[in-house]
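Chain by chain, the residues:
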Amino acid sequence: MKKIGVFLCHCGINISATVDIEKAMEALKDYPGVAHIEDYKYMCSDPGQQLIKKKIKDLGLDGVVVCACSPTLHENTFRLTVKAAGMNEYKMEMANIREQCSWVHKDKTVATEKAIKIIKSVIEKARLDEALDPIEVDITRKAMVIGAGVAGIQTALNIANSGYEVILVEREPSIGGKMAQLSETFPTLDCSQCILTPKMVEVSNHPKIKLMTYSEVVDVSGFVGNFKVKVKRKATGLDWDVCNGCGLCTEKCPKKLPSEFDQGLGERKAIYRPFPQAVPNRVVIDFENCTYMQSGKCGICQKVCPVKAIDFDKEDKFVEEEVGAIICATGFETYSVKDIPEFGGGKLPDVVDGLTFERILSASGPTGGEVRRPSDGKVPKDIVFLECVCSRDPEHYLPYCSKVCCMYTVKHAMLYKHRVHDGQPYVFYMDMRTGGKGYEEFYQRAAEEDKVVFIRGKVSKLYQDDDKIVVCGVDTLSNETIEIRADMVVLATAIVPSKGIRELTKLLKIQIDQHGFLSEAHPKLRPVESLTAGVYLAGCAQSPRDIPDTVSQASGAASMVCTLFANEKLKHEPIIVGVNEDICSGCGICTVVCPYDARKTNLEKKLVEVNEVLCEGCGACAAACPSGAAQQNNYTDNQINAMIKAILGKGG
Amino acid sequence: MEISYYPGCTLKTKAINFETSALALLEKLDVKAIELKDWNCCGVMFSQSQDNLMKQLAPIRTLIRAKESGRDRLLTLCSMCYNTLKRSALFIQENEDKRDKINDFMDLEETEYFGNEIEVVNILTLLDEIDKDKLKASIVKDAKDLKVATYYGCLLTRPKEVAIDNVEDPQIMENLLEAAGCKPVYFPFKTECCASFQVVSRKDIARERTRKIVDSARKNGAEMILLACPLCEYNLDKLQKELHEEDSTFETLPVLYVTQLLAILAGVDPEINDYSKHYIDPRPVLERKGLL
Amino acid sequence: MFEPKIIAFYCKWCTSAGADLAGTSRLQYAPNIVGIRVMCSSRVDPEHILNAFKEGADGVLIGGCHPGDCHYKSGNYVTLRRITLLKTMMEDLGISADRLRLDWISAAEGKRFAEVVTEFTEQIREKGPLKKESLKEEAV
Amino acid sequence: MAISLNKEKLRTQECEKLQEVSGTNVYSCYQCGNCTAGCPCVDAMDIPPHEVIRLAQFGQIEKILDSNTMWICASCVTCSVRCPRSVDISGVMEALRQIALQNGNEDVTKLGELSSEELEELPQIAVISNFRKLTS
């Protein structure tokens, strides 16, 4: 009989307030296989772990059941604990009596009974657990970063500067992301382009970074250390190896379109470079709007191109890359003004979102940094800024706080005042959230020095009246309704994940939350990892955040990748499904359900053979095997059936 | 198409023009509206209280009548009837215990009502359902330079559960009028409340609301206000007249039920309208546009 | 009141994580269910399910990732096929098919997890205990 | 005068009743003020709608009932549809009217003050809805 040690954690009072630990110990102490039972306030703490180690050594335990939190949280912790005491780490099992018991039930009797059942079932599993050794796998020391905004750029640079190769994939023709569109940044008011463009250039010149702009990830296979990624390189209509970015074509192209980079305020051509500082300095043809592509007439760009780069080739190309780690840094978008009917539904030209106002403020923007309103180019003298537009509104829009709007709105009001000295900015806010280094001081300065009027309350409605926008709001501090006839209104609309993130996360097999933001492996302890090994997160794709937070998280993700790459070999979970050659008849049913082609029928030997490296351990084949020849390590039929018995009160 | 029709109190008196024009228009569009037999008051204004179930009896009894008619849809012209009937039906559909209690109160009724048997349809929704090409084909008068403000008030678009269209920016009337060849103007006050029943005890509030609403419509170039609620019609029409009498610089705009204009455009004799019911005579504008 | 015994099998990646989220959100649900965490819902063999009924379970819940979201690409589709097939056979074995429920619950759906568990528990409570005598043992 | 708060005063029976009759949770309110900002009749109210909800959160039902706010409300439901936290402010007003009337509030319909010509002039819909809202 195996000697199993059962260790019950109180988790402070998280478990012990609901589960009667003493009663549980009493019920379990004579359970078959239990050689020792003990409780402790914090089993995951150092003394707790020492206690487990000591008992393994003193009593010669060959199985351990830790009754505590979810294995997602501390399975690894306790595996390392038992390993340090000389026990095989796969003989350690966790019984989740916190998340799935003490936290979800209030009645102590009921919760205690359920906890006992859970623990019994896990003891049953532990009794039949076998010693397993991780399978060693080679590692490709090259990373792929998806998304080249400031998050992706920072991650790529950090990894590359550590000496590893990086492929940086970006959907748009240029890297830079949303940060390239910003005017100045809070709270220092240094120019966004001045701090970002040198980094963009560094990326493009870095010998370890391969840049793939105007490209999208279309398929991902493999696993940590050994991913295969298929990238679509969208057709640009010209040969980028020949193009030198002189821009003559964009000057001569007769077709004008609203510029996405300038949020539709400025113009671009059908052959264009998103902005003058674009990296790489290359142009692309917008096939949908190019006159030549639509009607076969024009072709001016081809005529004027001094290096003959234009070929109008519409074929997308696909490349496959092998990488060891993937960082998802796909960024954000802002909630569209078009979808907010009470604020004009996008029909009022002088009601714009925050990103559009950034372009109006930007020295490289369509007005050269002069604040002029879109409808008639007039300088607005009364300007209203609304915070929490679509954020914190579970009834109509999004329940969460978009985090950056308070600060950027204060910045907008301040920058406006710096440009238009005789103008008056007003800010409607619900709560001013200025947690950050120098942020509160920045907010105070806006009120004190720049005389920004802060109004505590929401705006119910906006409408056009002559050439004014009437703002109907409230100040809940004076309990007065407020009406402002403004020249322009800026909406701090909510931060939402960028388009296409759902499709990408399906490819990457990572989780998203209900709003489409990427889910981290643990909100506090593993904030830059996804639940899929080898896939990391950075930036606003995970949740709204400002530039300093984005950059620190990006560096964190990069360091996780470097930590991974520092391993000689990777360890693959040995929870695989093997073949009992004595029983297997080679029927091949298991090969059909395997999603990884890890199982192959050997017709000569009439056997199925398993490639252990490819097996990810889902167990679909074990359930399909008609003879019981395919058994999953430490999830055998015997174990599962014993667990069922124990739960239903018939075990032991 | 046949549909049961519930008139409600005001449609037979003050708002007779709404009924006459709507029924005439529907006839042009091959819709037969059959008035319910033995109908009673809709209850007037849905009771928002969770425990005052007596207030739900009148609307539910009306829905019982509709159920007994054998037709599964009930047309209302008045927006208040629409709102009350629809919300009451929803209320008992969502509160099973309250539904049972309400039916207990009405044990003399032969029919029981559960909440989802009858679809309450507002005239605007019904008109919107009709193929726009058919509507276009029925139009015989040209009103392409007539600029109109479409006014919805509160009960057609609030609360969200019974709204006939987008709560903040309904377009259903605009679409109908565009199909009929008129030009709806930008009108940010189209869902702003006219102060409703407060006209009885706080006329001052209702007057100020009327002033704001009419000012906005006029400023945006409207030549008339079109609506679909007898109470809004009274407030905007009567109170404009009072405002004008007080201050002759206040310019008035005629107020019509949307069906009145559509019926005229569809070739219904304009004389079926009882113009004496209007406080501001719409005939000068209609004449100017060649619609009489 | 009859307290049904329910066994749940759920995958490590989605439903178990969803159950953990229900815990961190402190959502209360019926305690009748005890879960067995497997790597993927496709590890659950119909034999395990029948075995659970044989051993006295009144209901069995299987939780997996939403279609298209399986951590192992297609495991949940395999599960769906197996459970559909098993349900058609259960009546013959004397177990009503609605004692077995397959549901997709993602890691983000803590609330849904709690709702499904409570709803299923109530449903089984209403059905009453699985009568052992009606089980055709030899078939199991 | 200061509102003195303690745990008994915070959750009075009257406040519970208000929530029950209106079917809404006043504690969802985070005081954004959208209800007040969009209210068509707020100028005539003693207390703006968001303050009504605030006072309800403090259990100060008496203070609310002393105001004219619920009698001025035209039940247009703008507040409820715009509330980001789905507080049915319009329903709260209805509940307040009911509570006041059950407590024996004086007649606020002013129907008696109207001349017979005025009464004749008014459409039924106005008279009945006024009566409905202010007496039940």
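Residues numbered from 1 in each chain as written. Chains lettered and ligands numbered in written order. Predicted model: local features only at pLDDT ≥ 70, side-chain atom pairs only at ≥ 80, totals over all residues. Heavy atoms only, no water.

## As for the overall build of chain A
The helix and strand tally for chain A stands at 18 helices and 32 strands. For chain A, the C-alpha atoms occupy an extent of roughly 85 × 70 × 40 Å along the three principal directions. Once local pairs closer than 6 in sequence are excluded, the contacts in chain A between residues at least 24 apart make up 69%. Counting every atom, chain A has about 26300 Å² of accessible surface; 49% of that belongs to carbon and sulfur. Within chain A, one finds 80 positive and 86 negative side-chain charges whose respective centroids are separated by 1 Å. (Helix = DSSP H or I, 4+ residues; strand = E, 2+ residues; numbered from the N terminus. Contact = heavy atoms within 4.5 Å. Areas by Shrake-Rupley, 256 points an atom, 1.4 Å probe, with all protein chains shown as cover. Lys, Arg positive; Asp, Glu negative; His and termini not counted. Charge placed at Lys NZ, Arg CZ, Asp CG, Glu CD.)

## With respect to the packing of aromatic side chains
Between two aromatic rings, the relevant description is the distance of the centres plus the angle of the planes. Residue and element names in this part refer to chain C. With the rule as written, the count across this model stands at 18 aromatic pairs over all chains. Ring centres 5.7 Å apart and planes at 75 degrees place the aromatic pair Tyr10 and Phe113 in the edge-to-face group. Here the residue Tyr10 occupies a position in strand S1 (residues 6-11), and Phe113 occupies one in helix H4 (residues 110-127), the gap between them amounting to 103 residues. Residue class for Tyr10 comes out buried when judged on its relative accessible area of 3%. (Phe/Tyr/Trp six-rings, centres within 6.5 Å; stacked < 30°, edge-to-face > 60°. Buried < 20%, exposed > 50% of the residue type's maximum accessible area, 1.4 Å probe, protein only.)

## Overview of the domain arrangement of chain A
All names here are of chain A. For chain A, the domain assignment lists domain 1 (4-132), domain 2 (142-331 + 497-565), domain 3 (333-496) and domain 4 (573-633). Each of domain 2 and domain 3 was reduced to a C-alpha centroid, and the two centroids are 29 Å apart. Taken together, the contacts link 26 residues of domain 2 with 34 residues of domain 3. Of the roughly 2500 Å² buried at the junction of domain 2 and domain 3 (both faces included), carbon and sulfur atoms supply 65%. The tally of links from domain 2 across to domain 3 stands at four salt bridges. (Domains from an automatic or database assignment. Buried area = accessible area lost by both parts, 1.4 Å probe. Salt bridge = Lys/Arg side-chain N within 4 Å of Asp/Glu carboxyl O.)

## Considering unusual backbone geometry
Outside of glycine, negative phi angles account for most residues, and trans bonds account for most peptide bonds. Residue and element names in this part refer to chain A. The linkage connecting Phe186 with the following residue, Pro187, adopts the cis geometry, with an omega of -10 degrees. Phi at Asn479 is positive, roughly 60 degrees, even though this residue is not glycine. Mapped onto the elements, Asn479 comes out in the loop between strand S25 (468-475) and strand S26 (480-486). In this structure, Asp597 is a non-glycine residue whose phi angle is positive, near 55 degrees.

## Points about the environment of Arg456 of chain A
Considering the arrangement of structural elements, one finds Arg456 of chain A in strand S23 (residues 453-456). You can call Arg456 of chain A buried: its relative accessible area is 10%. As a C-alpha pair, Arg456 of chain A and Asp431 of chain A span 25 residues in sequence and 7.5 Å in three-dimensional space. Once residues within four sequence positions are removed from consideration, Arg456 of chain A is found in contact with Tyr429, Met430, Asp431, Val474, Asp475, Thr476 and Leu477 of chain A together with Tyr30, Gln31 and Cys32 of chain D.

## Some remarks on helix H2 (residues 13-22) of chain D
All names here are of chain D. Buried within H2 we find Cys15, Leu18, Gln19, Val21 and Ser22. Those residues of H2 that are buried are in contact with helix H4 (49-57), helix H5 (61-65) and helix H8 (89-102). Two residues or fewer past H2, Gly23 is found with a positive phi of approximately 65 degrees.

## Here we look at the interface of chain B and chain A
Opposite the twelve residues of chain B that make contact, chain A presents eleven residues. Carbon and sulfur atoms supply 44% of the area that chain B and chain A bury against each other, a total of about 900 Å² over both sides. Together, Glu168, Tyr186 and Lys219 of chain B form the three largest contributors to the area buried by chain B at its contact with chain A, with a combined 43%. Connecting chain B to chain A are six salt bridges. We note a salt bridge from Glu483 of chain A to Lys212 of chain B, for which the minimum N-O separation is 3.7 Å. At the junction of chain B with chain A, the criterion picks out six residue pairs in polar contact (both at pLDDT 80 or more). In the side of chain B that touches chain A, the residues fall into three nonpolar, three polar and six charged. (Polar contact = N/O pair within 3.5 Å; in protein donor to acceptor, adjacent residues only side chain to side chain. Nonpolar A, V, L, I, M, F, W, Y, C, P; charged D, E, K, R; others polar.)

## Some words on the pairing of strand S11 (residues 215-223) of chain A
Sheet analysis places S11 of chain A next to strand S12 (residues 226-233) of chain A, joined by eight bridges and oriented antiparallel. Among the inter-strand pairings, Val220 of chain A is bridged to a residue of S12 of chain A, identified as Val229 of chain A. (Pairing = 2+ DSSP bridges.)

## A short note on the interface of chain A and chain C
Taken together, the contacts link 49 residues of chain A with 49 residues of chain C. Together, the buried faces of chain A and chain C total about 4200 Å²; carbon and sulfur atoms form 57% of this surface. Broken down residue by residue, the surface that chain A buries against chain C is led by Gln100, Trp103 and Leu648 of chain A, which jointly contribute 15%. Summed over the shared surface of chain A and chain C, the result is one salt bridge. Salt-bridge contacts for Arg43 of chain C lead to Asp637 of chain A; the nearest nitrogen and oxygen are separated by 3.0 Å. Residue assignment for the side of chain A that touches chain C shows that the elements contributing at least two residues are helix H3 (71-84), helix H4 (98-102), helix H5 (108-128), helix H17 (620-624) and helix H18 (637-647) of chain A. Ranked by residues supplied to the side of chain A that touches chain C, first place goes to H18 of chain A with seven residues. Counted by class, the side of chain A that touches chain C contains 22 nonpolar, 15 polar and twelve charged residues.

## Let's talk about the state of the cysteines
Counting across every chain of the model gives one disulfide over all chains. The disulfide partner of Cys14 of chain C is Cys65 of chain C, and the gap between their sulfur atoms is 2.4 Å. In this structure the cystine formed by Cys14 of chain C and Cys65 of chain C twists about its S-S bond by roughly 105 degrees; its chirality is therefore right-handed. Of the two residues, Cys14 of chain C is situated in the loop between S1 and helix H1 (15-24) and Cys65 of chain C in the loop between strand S3 (59-64) and helix H3 (75-90); the sequence distance between them amounts to 51 residues. Cys65 of chain C carries the same exposure label as Cys14 of chain C, and that label is buried. You can see Cys154 of chain B has no disulfide; the closest cysteine sulfur is in Cys193 of chain B, sitting 3.8 Å from it. Lacking any disulfide linkage, Cys70 of chain C is separated from the closest cysteine sulfur, that of Cys40 of chain C, by 4.2 Å. On the basis of relative accessible area, Cys70 of chain C is assigned to the buried category, the value being 2%. (Disulfide = S-S within 2.5 Å.)

## A word on the confidence of the model for chain C
In this model, chain C carries a mean pLDDT of 91, and residues with pLDDT of at least 70 account for 94%. For this predicted complex, the interface score ipTM comes out at 0.83, while the overall pTM is 0.83. (pLDDT = per-residue confidence, 0-100.)

## Let's talk about the pairing of S26 of chain A
All names here are of chain A. Relative to S26, S25 runs antiparallel, the two being bridged by seven bridges. Counterpart to Ile469 in the pairing with S26 is Ala486. Taken together, S25 and the strand that follows it, S26, pair antiparallel across an intervening segment of four residues, in which Asn479 is found at a positive phi of about 60 degrees.

## Points about the nonpolar core
Residues Leu124 and Leu261 of chain B are the most contacted members of the largest nonpolar core, which totals 156 residues. Every residue in contact with Leu261 of chain B, bar those within four places of it in the chain, is listed here: Leu146, Val148, Leu177, Cys182, Met224, Leu226, Leu256, Leu286 and Leu291 of chain B. By size, the runner-up hydrophobic cluster in this structure holds 101 residues, among which are Val34 and Leu61 of chain A together with Leu50 and Val78 of chain C. (Core = buried A, V, L, I, M, F, W, Y, C linked by side-chain atoms within 4.5 Å.)

## Here we look at a negative patch on the surface
Among the surface-exposed residues, Glu96, Asp97, Asp100, Asp104, Asp107 and Glu112 of chain B lie close enough to one another that they form a single negatively charged patch. The exposed category is assigned to Glu96 of chain B, whose relative accessible area is 54%. (Patch = residues over 30% accessible without salt bridge, like charges linked within 9 Å, V, L, I, M, F, W, Y side chains within 5 Å.)

## Here we look at the pattern of salt bridges
All names here are of chain A. Taken as a whole, this structure holds 79 salt bridges over all chains when the rule is applied. Taking the shortest distance from any N to any O, the salt bridge between Asp549 and Lys403 comes out at 3.2 Å. Remark: Lys403 occurs in the loop between strand S21 (382-389) and helix H12 (405-419) and Asp549 occurs in helix H15 (residues 547-565); sequence separation between them is 146 residues. Among the residues examined, Asp549 registers a relative accessible area of 33% and is labelled partly exposed.

## Overview of the packing of H12 of chain A against helix H13 (residues 439-448) of chain A
Residue and element names in this part refer to chain A. In contact at an axis separation of 10 Å, H12 and H13 are set at 35 degrees when each is read in the N-to-C sense. In the packing of H12 onto H13, the handedness of the crossing is left-handed. For the pair H12 and H13, contact is made by Met407, Val410, Lys411 and Met414 and by Tyr439, Phe442, Tyr443, Arg445 and Ala446, respectively. In terms of residue class, the contact of H12 with H13 is built from seven nonpolar, no polar and two charged. (Axes fitted to C-alpha atoms, helices over the stretch in contact; angles between N-to-C directions. Left-handed = near helix turned anticlockwise from the far one by under 90°.)

## As for the side chain of Gln56 of chain B
Positionally, Gln56 of chain B belongs in the loop between strand S2 (32-35) and helix H2 (57-68). Apart from the residues lying within four places of it in its own chain, the contact partners of Gln56 of chain B are Phe46, Ser47, Ser88, Phe91 and Ile102 of chain B.

## Some thoughts on the arrangement of the chains
Most contacts, among the four pairs of chains that meet, fall between chains A and C. A gap remains between chain B and chain C, with no contact made and the closest C-alpha atoms lying 19 Å from each other. Nothing in chain C touches chain D; the tightest C-alpha to C-alpha distance between them is still 18 Å.

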